[in-house]
Amino acid sequence: MTKKVISAGTVHKMPADLQRVITFDPVARAAWEDITPLARNEWICWVESVRKPETRKLHIERTRTELMEGKRRPCCWPGCPHR
């Protein structure tokens, strides 16, 4: 049986839609668990910062693919203003 709970960020809780995508992709999940809590916080905030549901879906997919490519933080984003 695999662990379904994954690590969250320092300020933000893990949103269910992002958790679902990362949980079921072993490569993305390993990359997620390998980054720091601050880096996870950046990804979560980046996903939550958009207004449109379509854009949120794109951000979630991009999070998954960029984690699989070895990226540790969202590119071209000023960072989480909540830290």
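This is a predicted model, so every value here is computed, not measured.

Helix and strand counts for the chain come out as four helices and zero strands. The N-to-C order of helical and strand elements in the chain reads α-α-α-α. Here the chain has a C-alpha radius of gyration of 12 Å; the compact-globule value for 83 residues is 12 Å, and the two agree. Overall, the C-alpha framework of the chain stretches about 35 × 25 × 25 Å when taken along its three principal axes. Expressed as a percentage of its 83 residues, the buried residues of the chain come to 39%. Once local pairs closer than 6 in sequence are excluded, the contacts in the chain between residues at least 24 apart make up 69%.

For the coordinates displayed, the defined rule picks out six salt bridges. Two residues, Arg64 and Asp25, come together in a salt bridge whose shortest N-O distance is 2.7 Å. Of this pair, Arg64 sits in helix α4 (residues 53–68) while Asp25 is found in the loop between α1 (16–23) and α2 (26–34), placing the two residues 39 residues apart along the sequence. Note that Glu61 and Arg64 form a salt bridge whose closest N and O atoms lie 2.5 Å from each other. Placement of the pair is Glu61 and Arg64 together in helix α4, with a separation of three residues, close to one helical turn. Shared partners join several salt bridges into a network, and the residues in it are Asp25, Glu61 and Arg64.

Positive phi is not limited to glycine here, since Cys76 has a value of about 60°. Within the fold, Cys76 resides in the segment after α4.

About the thresholds
- Residue numbers run consecutively from 1 along every chain, following the written order of its sequence.
- Confidence filtering applies because this is a predicted model: local features only for residues at pLDDT of at least 70, side-chain atom pairs given and counted only at 80 or more, and all residues used for totals across whole chains, interfaces and linings.
- Water and hydrogen atoms were dropped before computing side-chain values, which therefore reflect all heavy atoms in the structure.
- The way it works is that DSSP assigns letters per residue, a run of H or I at least four long becomes a helix, a run of E at least two long becomes a strand, and they are numbered from the N terminus.
- Radius of gyration here uses only the C-alpha atoms, and the compact-globule reference equals 2.2 Å multiplied by the residue count raised to the power 0.38.
- Each residue is placed in one exposure class: buried if its accessible area under a 1.4 Å probe, protein chains only, is under 20% of its type's maximum, exposed if it is over 50%, and partly exposed if it falls in between.
- Note on definitions: a residue-residue contact is assigned when non-hydrogen atoms from the two residues lie within 4.5 Å.
- For this document, the term salt bridge refers to a Lys or Arg side-chain nitrogen within 4 Å of an Asp or Glu carboxyl oxygen.

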